[in-house]
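Understanding the architecture of this molecule
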Amino acid sequence: MAKFHIKRGDQVVVIAGAHKGKEGKVLELLPAKGRARVEGVAMIKRHLKKSQENPQGSIAEREGSIHISNLMLKSNFDASKRAKPAAAATTA
């Protein structure tokens, strides 16, 4: 099994890719693919078939996965140089 720098429940920040700058809690790790699901990031839509629970059918929105290399622990991010220019830009 692969060893990752994050684990389920950690607060992380996306440091690269289409969702750069977003943050959330790690919901699930997918070690076979080297990816993770982060709460509120990379939302995708899934079409649900009609069923007893869903008589009309519906479109559900849920989290997609993000590659582990694009994630950084929030504590490390706040302590790094990456967070300081962004914080200074918002206060100016």
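Here, every reference points to the structure presented above.
Residues numbered from 1 in each chain as written. Predicted model: local features only at pLDDT ≥ 70, side-chain atom pairs only at ≥ 80, totals over all residues. Heavy atoms only, no water.

This part covers the pattern of salt bridges. Pairs can form between side chains of opposite charge whenever their charged atoms are close. Evaluation of the coordinates by the stated rule reveals 3 salt bridges. Among the ionic pairs, Lys74 bridges to Glu23, the shortest N-O distance being 3.6 Å. One end of the pair, Lys74, is in helix H1 (residues 74-79); the other, Glu23, is in strand E2 (residues 23-30), and 51 residues separate them in sequence. Using a relative accessible area of 22% as the deciding quantity, one classes Lys74 as partly exposed. Of the charged contacts, one joins Glu28 and Arg37 as a salt bridge, the two residues approaching to 2.9 Å between their closest N and O atoms. The class of Arg37 is partly exposed, set by a relative accessible area of 25%. (Salt bridge = Lys/Arg side-chain N within 4 Å of Asp/Glu carboxyl O. Helix = DSSP H or I, 4+ residues; strand = E, 2+ residues; numbered from the N terminus. Buried < 20%, exposed > 50% of the residue type's maximum accessible area, 1.4 Å probe, protein only.)

The next subject is the environment of Met43. When you line up the elements, Met43 lands in strand E4 (residues 43-48). The spacing of Met43 and Glu63 is 20 residues in sequence and 4.5 Å in space, taken between C-alpha atoms.

Overall, antiparallel pairing links the 5 strands, which are arranged E6-E3-E2-E1-E7 in an open sheet. Two strands lie at the open edges of the sheet, namely strand E6 (65-67) and strand E7 (71-73), each paired on one side alone. Between one strand axis and the next, the sheet turns by 55 degrees as a mean value, whatever way the strands run. Pairing of strand E3 (residues 35-38) with E6 involves 3 bridges; the strand directions are antiparallel. Bridge pairing links Ala36 to Ile66 in E6. (Pairing = 2+ DSSP bridges. Axes fitted to C-alpha atoms, helices over the stretch in contact; angles between N-to-C directions.)

A few words on the nonpolar core. Counting 12 residues, the largest nonpolar core is built from Ile6, Val12, Val14, Val26, Ala36, Val38, Val41, Ala42, Ile66, Ile68, Leu71 and Leu73. Among the secondary structure elements, those contributing two or more residues to this core are strand E1 (11-14), E3 and E7. Discounting residues that sit within four places of it in the chain, Ile66 has contacts with Val14, Arg35, Ala36, Val38, Val41, Ala42 and Leu71. (Core = buried A, V, L, I, M, F, W, Y, C linked by side-chain atoms within 4.5 Å. Contact = heavy atoms within 4.5 Å.)

Turning our eyes to something else, we now look at unusual backbone geometry. The phi dihedral of Ala42 is positive, around 60 degrees, even though this residue is not glycine. Along the polypeptide, Ala42 turns up in the loop between E3 and E4.

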